[in-house]
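If you want the building blocks of each chain, they are given just below.
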Amino acid sequence: MAKIKLKQVGSPIRRTKDQRATLVGLGLNKLHRTSELEDTPEVRGMIRKVQHMVQVIN
């Protein structure tokens, strides 16, 4: 299955609890960390929720 590689580029400071929890669910919790996940609709929805704090890397 296809993979998506993410990098956290925004800080979770002053964000809502659900956005922070989404970052943790994606495997990100500190700036400039990367995570590689399966390309599923669930993961895409999580990325869309915090798109202002993550960057998709090819």
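That block above? That's the structure.
Quick caveat: nothing in here was measured; it's all calculated off a predicted structure. Residue positions are given per chain, counted from 1 along the sequence in the order it is written. For a predicted model such as this one, the threshold for reporting local features is a pLDDT of at least 70, and the threshold for listing and counting side-chain atom pairs is 80 or more; totals across whole chains, interfaces and linings nevertheless cover every residue. Neither water nor hydrogens contribute to the side-chain values; these are computed over all heavy atoms in the structure.

J.: Could you give an account of the pattern of salt bridges, with specific residues and numbers?
T.: Basic side-chain nitrogens of Lys or Arg form a salt bridge, by our definition, when they fall within 4 Å of a carboxyl oxygen of Asp or Glu. The tally for this structure, following the rule as stated, stands at three salt bridges. Between Asp-18 and Lys-49 there is a salt bridge, with the nearest N and O atoms lying 3.1 Å from each other. Within this pair, whereas Asp-18 is found in helix 1 (residues 17-25), its partner Lys-49 is found in helix 2 (residues 41-49), the two being separated by 31 residues in sequence. Remark: exposure states derive from per-residue accessible area (1.4 Å probe, protein chains only) relative to the maximum for the residue type, with buried under 20%, exposed over 50%, and partly exposed in between. We classify Asp-18 as partly exposed; its relative accessible area is 38%. Relative accessible area serves as the criterion here: at 39%, Lys-49 is assigned to the partly exposed category. A salt bridge links Asp-39 to Arg-44, with the shortest nitrogen-to-oxygen separation between them at 2.7 Å. Helix and strand definitions here come from DSSP, where helices need a minimum of 4 consecutive H or I residues and strands a minimum of 2 consecutive E residues; each element is numbered from the N-terminal end.

J.: Would you mind going over the sheet that holds strand 3 (residues 54-57) in detail, with residue names and values included?
T.: Here, strands pair whenever DSSP counts at least two bridges between them. Reading across the sheet, the three strands line up as 2-1-3 and stay open at both edges, with antiparallel pairing between neighbours. If you trace the sheet from one side to the other, it starts and ends with strand 2 (34-38) and strand 3, each paired once. Going from strand to strand, the sheet's axes swing by 35 degrees on average, the running direction of each strand aside. Two elements, strand 1 (residues 3-8) and strand 3, share four bridges in a ladder whose sense is antiparallel. Looking across to strand 3, one finds that Gln-8 is bridged to Val-54. Fitted lines through C-alpha atoms serve as axes, helices being fitted only where they are in contact, and the angles separating the N-to-C directions of these axes extend from 0 to 180 degrees.

J.: Can you break down the environment of Arg-15 residue by residue, with the values?
T.: In this fold, Arg-15 is placed in the loop between strand 1 and helix 1. Since its relative accessible area comes to 33%, Arg-15 is described here as partly exposed. Once the C-alpha coordinates of Arg-15 and Val-50 are considered, the two residues, 35 residues apart in sequence, prove to be 9.9 Å apart. Residues contacting Arg-15, with those up to four places away along its chain left out, are Arg-20, His-52 and Met-53. Residue contacts are defined here by distance: any two heavy atoms, one from each residue, within 4.5 Å place the two residues in contact.

J.: Just give me the short version of unusual backbone geometry, but keep the residues and values in it.
T.: The backbone of Arg-14 sits at a positive phi, close to 60 degrees, despite the residue not being glycine. Tracing the chain through its elements places Arg-14 in the loop between strand 1 and helix 1. The residue His-32 is not glycine, and still its phi comes out positive at about 65 degrees. With respect to the helices, strands and loops of the structure, His-32 is situated in the loop between helix 1 and strand 2. By relative accessible area, which is 56% here, His-32 ends up exposed.

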